[in-house]
Amino acid sequence: MAEHEHTHDHDHDHDDGHEHDELTEAEAQEQAERLLRKEIALSQIRQYGDPVLRMRADEVEAFDDELRKVSERMIGLMHDADGIGLAATQVGILRRMFVCTLDGEDHVLVNPVVTPVGDETEVDVEGCLSLGSVRVPVERVTRVTLAAQDVAGEPVALELEGLPARIVQHEVDHLEGRLMLDRSDAESRREALGRLRPRLVLTS
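About the thresholds
Within every chain, residues take consecutive numbers counted from 1 along the sequence as written. Predicted model: local features are reported for residues with pLDDT of at least 70 only, side-chain atom pairs are reported and counted for 80 or more only, and whole-chain, interface and lining totals are derived from all residues. Excluding hydrogens and water, the side-chain figures rest on all heavy atoms present in the structure. Residues enter a nonpolar core if they are buried and are Ala, Val, Leu, Ile, Met, Phe, Trp, Tyr or Cys, with the set joined through side-chain atoms within 4.5 Å. Buried means the residue's accessible area, taken with a 1.4 Å probe over protein chains only, is under 20% of the maximum for its type, while exposed means over 50%, and partly exposed covers the values in between. The helix and strand labels rest on DSSP assignments: H or I over at least four residues marks a helix, E over at least two residues marks a strand, and numbering proceeds from the N terminus. Contact criterion: two residues are considered in contact whenever any of their non-hydrogen atoms come within 4.5 Å of each other. One number per residue, pLDDT, summarises how confident the predictor is, and it ranges from 0 to 100. In this analysis, strands are considered paired if DSSP registers two or more bridges between them. Only C-alpha atoms enter the line fits that serve as axes; for helices the fit covers just the stretch in contact. Angles between N-to-C directions range over 0 to 180 degrees. Between N or O atoms, a polar contact is any pair within 3.5 Å; within protein, one atom must be a potential hydrogen donor and the other a potential acceptor, and residues adjacent in sequence are included only when both atoms are from side chains. The working definition used for a salt bridge is a side-chain nitrogen of Lys or Arg within 4 Å of a carboxyl oxygen of Asp or Glu.

(A) Up close: the nonpolar core. In this structure, M74, L86, M97, V99 and V108 are the most contacted members of the largest nonpolar core, which totals 21 residues. Looking at this core, the elements that each hand over two or more residues are helix 2 (65–80), strand 2 (97–102) and strand 3 (105–116). No other element matches helix 2, which puts six residues into this core. For M97, the residues in contact, after removing those within four places along its chain, are L67, V70, S71, M74, A87, A88, V108, L109, V110 and L175. Judged by nonpolar contacts, the second largest core, of 20 residues, contains M1, L102, V141 and V168.

(B) Main features of the confidence of the model for the protein. For the protein, the mean per-residue pLDDT works out to 90, and 88% of the residues sit at or above 70. For residues 6–19, every residue scores under 50 in pLDDT, and the model assigns this stretch five contacts once sequence neighbours within four places are set aside.

(C) Representation of unusual backbone geometry within the structure. Backbone geometry at D103 places phi at a positive 50°, although glycine is not the residue there. In the Ramachandran plot, N111 falls in the positive-phi region, its phi being about 50° despite a non-glycine side chain. Here N111 is to be found in strand 3. With a relative accessible area of 11%, N111 lands in the buried category.

(D) The sheet that holds strand 2, seen in detail. Here five strands make up an open sheet; going across it, the order is 1-2-3-6-7 and the pairing antiparallel. Of all the strands in the sheet, the pair left with one neighbour each is strand 1 (85–87) and strand 7 (155–161). On average, each strand axis in the sheet is tilted by 40° relative to the strand beside it, whichever way the strands run. Taken strand by strand, helix 3 (residues 163–175) contacts strand 1, strand 2, strand 3, strand 6 (143–149) and strand 7, and its axis lies near 165° from that of strand 2.

(E) The arrangement of the side chain of N111 in detail. Only 2.8 Å separates the side chain of N111 from the backbone nitrogen of V60, close enough to count as a polar contact. Engagement of the side chain of N111 in a polar contact is seen with the side chain of Q149, the distance being 2.9 Å. In this view, N111 contacts E59, V60, F63, R96, A147, A148 and Q149; residues no more than four positions away in its chain are not counted.

(F) Quick look at the side chain of Q169. By the element assignment, Q169 lies in helix 3. Relative accessible area serves as the criterion here: at 12%, Q169 is assigned to the buried category. In terms of polar contacts, Q169 uses its side chain to reach the backbone carbonyl oxygen of A165, at 3.0 Å. Excluding its chain neighbours within four sequence positions, the residues that come into contact with Q169 are V114, R140, V141 and V144.

(G) View of the pairing of strand 3. Where strand 2 lies against strand 3, six bridges are found, and the strand directions are antiparallel. Directly across from F98, in strand 3, lies its bridge partner L109. Counting the residues between successive antiparallel strands, the hairpin from strand 2 to strand 3 contains two residues, one of them, D103, with a positive phi of roughly 50°. Judged from the five bridges that link them, strand 3 and strand 6 form a sheet pairing that is antiparallel. Residue pairing across strands places V114 opposite L146, the latter belonging to strand 6.

(H) Structural detail: the pattern of salt bridges. This structure, assessed with the given rule, holds 14 salt bridges. Here R37 and D80 are joined by a salt bridge, their closest N and O atoms 3.8 Å apart. One end of the pair, R37, is in helix 1 (residues 25–43); the other, D80, is in helix 2, and 43 residues separate them in sequence. With relative accessibility at 40%, the residue R37 sits in the partly exposed group. Assessed through its relative accessible area of 29%, D80 is described here as partly exposed.

The structure is reproduced here in structure tokens:
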């Protein structure tokens, strides 16, 4: 899942026109390196049109060094791509696992099962690391429980609401071969597909 738009809000109340001085050479270099890391990371994340994004992931049975290495790589890609969630299918691995950042803490969640709590839903705009700059409104339940395993196979139980609940629902959808487009309204989906189809032609 791409960085939630609301998390980009910054405090500009005291902007008097002098806050945007030119970057120092070190800051400019750091920014350029960050953008390069993002570009490299996104090149390793499967993009819309890749058939693996529509495939259902298999249960994880082996909790071994390979799983740990995969999860570490995914966390690195997620951060470099400025994301807050990344499913294994998005890197071409058909395993039921995803990584995410919940309330500032990174998690590896294996064989996740999400259960809604109550009927309250909310529509909010979502982005996805596999759909570029596309953003669409998606209705999701606001509170869920999540049962999973960590990278060592130990049980994990979480009660989530708000943005964390939305993140895990988005990532579990990926493991089912479902994209946020499938949950958006028809008009938003048509507009998004109109932006995505030219990119499919260019990359095919």
